[in-house]
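One letter stands for each residue in the lines below.
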Amino acid sequence: MDFSTKLASAETAKADCVAVGIYADGDLTPAARRIDLASKGAVRAAIKSGDATGKRGTTLLLRALAGVAAPRVLLVGLGKREEFGDKAFGEAVRAAAKGAGAGTRELAIAATDWVVKAGNGARDGAWQARQLAIAARETVFRSDELKSKKDDNSTGPAHVQLLLEKRDAAVERGLKEGVAIANGMALTKRLGNLPPNVCTPTFLGEQARKLGKEFKLGVDVFDRRQIEKLGMGSFLAVTRGSAEPPRLIVLKYNGAGKAAPIALVGKGITFDSGGISLKPGANMDEMKFDMCGAASVLGAIRAAAEMKLKLNVVGVIAACENLPSGTATKPGDIVTSMSGQTIEVLNTDAEGRLILCDALTYVERFKPAAVIDIATLTGACVVALGDVNTGLFATDEELAGELLKAAKNAVDPAWRMPVEDDYQDQIKSNFADMANIGMPGKAGAVIAACFLARFTKAYKWAHLDIAGTAWKSGAAKGATGRPVPLLAQFLMERAA
Ligand code: BES
Ligand code: MN
Ligand code: ZN
């Protein structure tokens, strides 16, 4: 699905379908009013008949209206005007893309006159264009790479025109940004959804190389020997039980000369069985998603590179499998991290922190302006925040504030959680500098963050626990592409 802006009013737009908004109280958006006028009352008649309600999420397709250039008009329900906010906008765009009719390849959408409430004001056109592209793309994402019969995509909108009354460079730019973010999310979703026998650490390394070629990124992929040379004893402890070789993947996007980079560090466990501390069997397949942090690093860098953001980004991904075997790390084993700190592995299922701590030490060499790690780190974060908010942990107030603001703007919500020394007692060990777990049932997501904090003293750091937000279970099982929008927005604001 591609996007363009188009200077035309709703009734003259040349497309297979033109989508206009109507409110739940029978109120029309300016574009809907124009269609109504041109068609001598077809919109009001549809409302009067009860066919069009204007309710949030509903659509009504009208055909062959006199006085309207497009053969179809889609009335998109926006709900109550005073309740039309960020989420409603995305919903309305998705409803429009889905409701435009199978015969519609070219969809014109008059979405800039949908006033999106934000605090006391309204979202601007650039925001709307960005969110339009992201939301519309979500409706055409498919995971049929490994199906012998591909999903049918020969019907429905393939081209989306955003109708404008006058040229607007900011809207133009917003649309491009939205496409870049949607492309980043699609990459993250694809990698997340691929099965663990395909999406291995080696495969992630190859994907990074491919991305590097496409966007002229610097890419290094380190193998086991090189990881050993770096002294990453904690990372290596996790990969010990697996026959699949580990990878440390480094990507560099250079958009601002010698400026200090933002470092994004991703958890890339391509399958988490728990190791010797084996997980229960039910839904264990979902632990293929344990590399979604890594996938979001690739997605965010892809978005930044496509937007040609004027900043530098370093992505570092620690990728391996966590499996039990005769050579696997055992509960009680003590390992030495790259930082020199020793760790007693009391539970091999708390493996994310073990690979991340070494990656976090590794990024010191880049003298980063800020470091953000992204990880499906704890089940406890899912208990705390569900699938709504990503858990945000930060030792730097300013960075935390920037990330919360980016989350709001990107409609990719995050909620701040504490990182405080009072929690550190839980991971005291009698035999090593620290243990890798605290007390069962006590602030597990915070403990994991406090463990990581011990490796991040050299820079400004934040941690995103995406265990609840990176994928969906059940009938809609699949990666969500979060938190690519948040990360991309943060990078955009840093680059501005
Ligand atoms: N990858 C899991 C976290 C996870 C669990 C994400 C469920 C999404 C859903 C992580 O490696 C893990 O197993 N964490 C343990 C930590 C515990 C042993 C301290 C957990 O959350 O149970
Ligand atoms: Mn685990
Ligand atoms: Zn894990």
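Above this text sits the structure in question.
Conventions we followed
Residues numbered from 1 in each chain as written. Chains lettered and ligands numbered in written order. Predicted model: local features only at pLDDT ≥ 70, side-chain atom pairs only at ≥ 80, totals over all residues. Heavy atoms only, no water. Pairing = 2+ DSSP bridges. Helix = DSSP H or I, 4+ residues; strand = E, 2+ residues; numbered from the N terminus. Axes fitted to C-alpha atoms, helices over the stretch in contact; angles between N-to-C directions. Contact = heavy atoms within 4.5 Å. Donors = N, O, S within 2.8 Å, 3.2 Å for Na, K, Ca; no water. Tetrahedral: all angles 85-135°; square planar, octahedral: opposite > 155°, others 65-115°. Buried < 20%, exposed > 50% of the residue type's maximum accessible area, 1.4 Å probe, protein only. Phe/Tyr/Trp six-rings, centres within 6.5 Å; stacked < 30°, edge-to-face > 60°. Lys NZ or Arg CZ within 6 Å of the ring centre and 35° of its normal. Salt bridge = Lys/Arg side-chain N within 4 Å of Asp/Glu carboxyl O. Near = heavy atom within 4 Å. Polar contact = N/O pair within 3.5 Å; in protein donor to acceptor, adjacent residues only side chain to side chain. Areas by Shrake-Rupley, 256 points an atom, 1.4 Å probe, with all protein chains shown as cover. Nonpolar A, V, L, I, M, F, W, Y, C, P; charged D, E, K, R; others polar.

A. Region of the structure containing the sheet that holds strand β8 (residues 159-164). Across the sheet, six strands lie side by side as β1-β8-β5-β2-β4-β3; this open sheet has mixed pairing. The sheet terminates laterally at β1 (2-7) and β3 (59-63), the two strands that pair on one side only. On average, each strand axis in the sheet is tilted by 25 degrees relative to the strand beside it, whichever way the strands run. Looking at chain direction, strand β2 (residues 17-22) and strand β4 (residues 72-77) are connected through six bridges and run parallel. Of the residues in β4, the one forming a bridge with Ala19 is Leu74. Sitting on the sheet, helix α3 (residues 86-99) touches β2, β3, β4 and β5 (106-109), and the angle it makes with β4 is about 150 degrees.

B. Inspection of the coordination of the manganese ion (ligand 2) at higher detail. With distances of 2.1 to 2.2 Å, the protein atoms coordinating the manganese ion (ligand 2) are Asp272 (OD), Asp349 (O), Asp349 (OD) and Glu351 (OE). Around the manganese ion (ligand 2), the six donor atoms sit at angles spanning 70 to 168 degrees, and that spread fits a shape best called irregular. For the manganese ion (ligand 2), all donor residues lie on one chain, and their spacing in sequence is D-x76-D-x1-E. Between the two metals, the manganese ion (ligand 2) and the zinc ion (ligand 3), the spacing is 3.1 Å, and Asp272 donates to both. For Glu351, a relative accessible area of 1% translates into the label buried.

C. Region of interest: the packing of aromatic side chains. In this structure the tally under the stated criterion is eight aromatic pairs. With centroids separated by 5.5 Å and ring planes inclined at 55 degrees, the aromatic side chains of Phe89 and Trp127 adopt a geometry described as tilted. In this pair, Phe89 is assigned in helix α3 and Trp127 in helix α4 (residues 125-138), connecting sequence segments 38 residues apart. Seen in terms of ring centroids, Phe222 and Tyr362 are 6.3 Å apart; in terms of plane orientation they differ by 70 degrees. Their pairing is edge-to-face. Of this pair, Phe222 sits in strand β9 (residues 218-222) while Tyr362 is found in helix α10 (residues 352-362), placing the two residues 140 residues apart along the sequence. The class for Phe222 is buried, based on a relative accessible area of 17%. Every member of this aromatic cluster is reached through a ring pair, and the members are Phe84, Phe89, Trp114 and Trp127. In this arrangement the basic side chain of Lys189 is found over the ring face of Phe141, its NZ or CZ atom lying 4.7 Å from the centre.

D. Structural detail: the pattern of salt bridges. Within the structure shown, the criterion is met by 24 salt bridges. For the salt bridge of Glu11 with Arg34, the shortest nitrogen-to-oxygen distance reads 3.0 Å. Here Arg34 lies in helix α1 (residues 30-38) and Glu11 lies in the loop between β1 and β2, a separation of 23 residues in the sequence. What makes Arg34 partly exposed here is its relative accessible area of 38%. The residue Arg416 makes a salt bridge to Glu397 at a minimum N-O spacing of 3.0 Å. You can see Arg416 sitting in strand β17 (residues 414-417) and its partner Glu397 sitting in helix α12 (residues 397-410), a full 19 residues away along the chain. For Glu397, a relative accessible area of 57% puts it in the exposed group.

E. Quick look at the site of ligand 1. The environment of ligand 1 is formed by 16 residues, the closest being Lys279, Asp290, Asp349, Glu351 and Gly379. In this structure, a nitrogen atom belonging to ligand 1 sits 2.9 Å away from a side-chain N or O atom of Asp290. When isolated, ligand 1 has an accessible area of 510 Å², and the protein chains bury 76% of it. The residue inventory of the shell around ligand 1, partitioned by class, reads five nonpolar, four polar and seven charged.

F. Layout of the sheet that holds strand β16 (residues 390-394). Taking strand neighbours across the sheet as the criterion, the eight strands line up as β9-β10-β12-β11-β15-β19-β16-β17 in an open arrangement whose pairing is mixed. The open sheet is flanked by β9 and β17, the only strands paired with a single partner. Averaged over all neighbouring strand pairs, the angle between strand axes comes to 20 degrees, with direction disregarded. As defined by bridge partners, β9 adjoins strand β10 (residues 247-254) across five bridges and the pair is classed as antiparallel. Bridging across to β10, Val219 finds its partner in Leu251. Packing against the sheet, helix α9 (residues 292-306) makes contact with β10, β11 (262-272), β12 (312-322) and β15 (370-375), and its axis sits at approximately 140 degrees to β11. Of the strands in this sheet, β15, β16, β17 and β19 (461-465) touch helix α13 (residues 444-453), which is tilted by about 145 degrees from β19.

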